Each structure stands twice: as C-alpha cells, then as structure tokens.
Amino acid sequence: MANYLTRLRTPFFIEQTSTAATVGSADLTITINSVDVYIISKNTVSKNVSFEVSELIRDYLNPSWDGVFPYSTATNNSFVVTASIKVEFYVNNRKTRAINALAGTTDTPISGQTVTHTMYGFDAYSEFKEGVNHQLSSGQMLQTATDIYLPDSTAAYIPIEASNGVSYFTVAANVADGTVVNPVNGIDVTIHRICEPVFDYMKVVFVNKFGGLQMFYFNKKNILSLNVTQENYDSMLMSANTYSTTAHQKYVYNKQGSEQITLNTGYVDEGQFETMKQLILSEQVWLEVDSVIHPVNVVTNTLTKKTKVNDKLVNYSINVEFAYDVVNSVR
C-alpha cells in the first residue's frame, strides 16, 4: 500500500505487476467518500497493468475560495480530494470474464493479488522536465517564490503541505522589511515591504503549480478598460406612409460588456518570473479591488523573462479579465 500526494493537472499512472502464475486482466476501483466512482478493466501485458488516474479523480476536486482571509477550513479542504484506489488481478482476460458473467459464473479476483493505495489529489501540476509521476513532498512549502513583496502593515499567507492537505504559514502584519521567515524547515523567505503613494495596490490570489493559494501585490500603474459587444438589425419604421424621425432605424440588442485591467508588478527580483509564469498558467485567479474580491481570468498568454543584465529593472505587465459580464446575465 502506498500514499501519494498527487498533482491532478498532470497525468499520474498507477502501475502494478502480479506475482500470480496466470494473469489475464485487472480491475481498477476508485473510491471517493466511500462511494465507488470508477471501475475500469484492462487486460494485462506480461502480468503488468497501468492506469492513468489523475483526470478521473480531478472530476471530484472543486477548489473554491470565499474571499475571506485568513483562509477558512472549508477553503483548505476544497483544495484536496482523497481517493482510495484498488487494483485486483484476475486469471481470465476481459472477454472471457464477460462471457462468464453472462453465463452467471462471475470471475473472482486472484487471492492475495489485490493492491490498495490512498491518493491525496491537489489542483497542482508538474512540468515536463520533472518527469513522470512527480509528486508533492510531505511538509514542503507550496510556492516557489522566496521573496515576498507586501504593503506596510499587511499580513500574508504562505501555503505549505501539512497532514496530506494545504495549510498556511502566517506572516504577521507587523513583520518588518527585510525580515527572514521560515515557513518550513530549511526554507528562508524574505519579506520586502513596499510603499506606493501614487497607485492603488492590486492584490491577486491564485492557485499556483503546487495547488496552494498564493498572493501577489501589483503596486504600479493599472488601467481599466471596457469591451462591448452587440447585435444589430434594421427595424421597420414605416406606418401609414410615414415614420417617426426619433425612432431607431438601426436597432441594437443583446448589448453586453466585459472589463479588463492591466496590472504592473513594480520593480521586483528576477525570481518573480516563476511567480508570473504560474499566475498565467493558473485556472483559478481572484483580484481584490477596494476590498472587494473579483473572480478574474488571465488573458495575457505570453511572458518574456526579464533580467537585470538585459532590462536593468524588472517589471511585469499582466492583463486580466473580470470573469463575469458587466450586465448581469445569470439565469
């Protein structure tokens, strides 16, 4: 039996080999909340079978945030799904087992050839260079950035893995500029206090590559824009050989708007490229504007890494779109 801390946005394979003398097929059973949600059968090859399970288990992961700081237990629990996985081997192949079942003689698993696992699934992903089945590690910090930029007198929350789930290390509001904190043993995180008297702070919260909620403050110029779509038709104005000159001949309907905002990081260290990269790749992003939380989608789809050698000062510009229509269209 094994326990896995799985990144569900990346394929994860369960591979088993039977030690029985004769093996023809195997069944995989995925159980979530004491309910068998998937049963998959495959023929074995040289007594071996492999199943890809992350996509199936991710169907039962629904990460959500209610906009409250610090993050609630309900929020933390929504970012992990626990699945029990069972692999059972059979002597006959799938075709023979189906024939037997129709005849009323259902095959039973080979005794002593059942393997079980527990999978803790996170809304996380690994990258190509990290290889197959790259898991999270127990007790690790669930973000890459080791330099955090915060306004004065502002608290922050650093995601860490704890007890097969997501927890958060709190950076208190009174932590001074330049302070080094230790969310987990062996990892130093430096706090940088920023002061911006001209532009409003724009706080972005997003699900990073490790499946934790990460915060980032954009503190330079921001620009709000509106995009409007509409449909048109030419209306029939003539009535009794006359028409009103104040009526609309070209009629507009289904008019709708969407808003975008351009955010700028301000001057940051070169390591924030990885933060911006994970932000662009995130599927769950929120923006706080004037203490109001808005769901947003990142529309920027290209990112060029900046360095002090090439660019002198490192600043990133990101466009996000509010994830709802301006005119309420919820039905």
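This text gives an overview of the structure that appears in the document.

About the cut-offs
- Residues numbered from 1 in each chain as written.
- Predicted model: local features only at pLDDT ≥ 70, side-chain atom pairs only at ≥ 80, totals over all residues.
- Heavy atoms only, no water.
- Salt bridge = Lys/Arg side-chain N within 4 Å of Asp/Glu carboxyl O.
- Helix = DSSP H or I, 4+ residues; strand = E, 2+ residues; numbered from the N terminus.
- Buried < 20%, exposed > 50% of the residue type's maximum accessible area, 1.4 Å probe, protein only.
- Pairing = 2+ DSSP bridges.

Attention now goes to the pattern of salt bridges. Under the criterion given, the structure shown has 11 salt bridges. In this structure, the salt-bridge partner of R9 is E283, at a minimum N-O distance of 3.6 Å. On the criterion of sequence distance, the pair formed by R9 in the loop between β1 (2-7) and β2 (13-17) and E283 in the loop between α4 (272-281) and β17 (285-289) is long-range, its members being 274 residues apart. Here K86 makes a salt bridge to E88, at a shortest N to O gap of 3.9 Å. The class of E88 is buried, set by a relative accessible area of 14%. Three or more residues are tied together by salt bridges with common partners; here these are R9, R58, D123 and E283.

So, on to the pairing of strand β18 (residues 292-298). Bridge analysis of β17 against β18 gives 5 bridges, and the strand direction is antiparallel. Within β18, the position partnered with V285 by the bridge is V296. Counted along the chain from β17 to the antiparallel partner β18, the turn is 2 residues long, and its residue D290 has a positive phi close to 50°. Bridging between β18 and strand β19 (residues 317-322) involves 3 bridges; their strand directions are antiparallel. Among the inter-strand pairings, V296 is bridged to a residue of β19, identified as F322.

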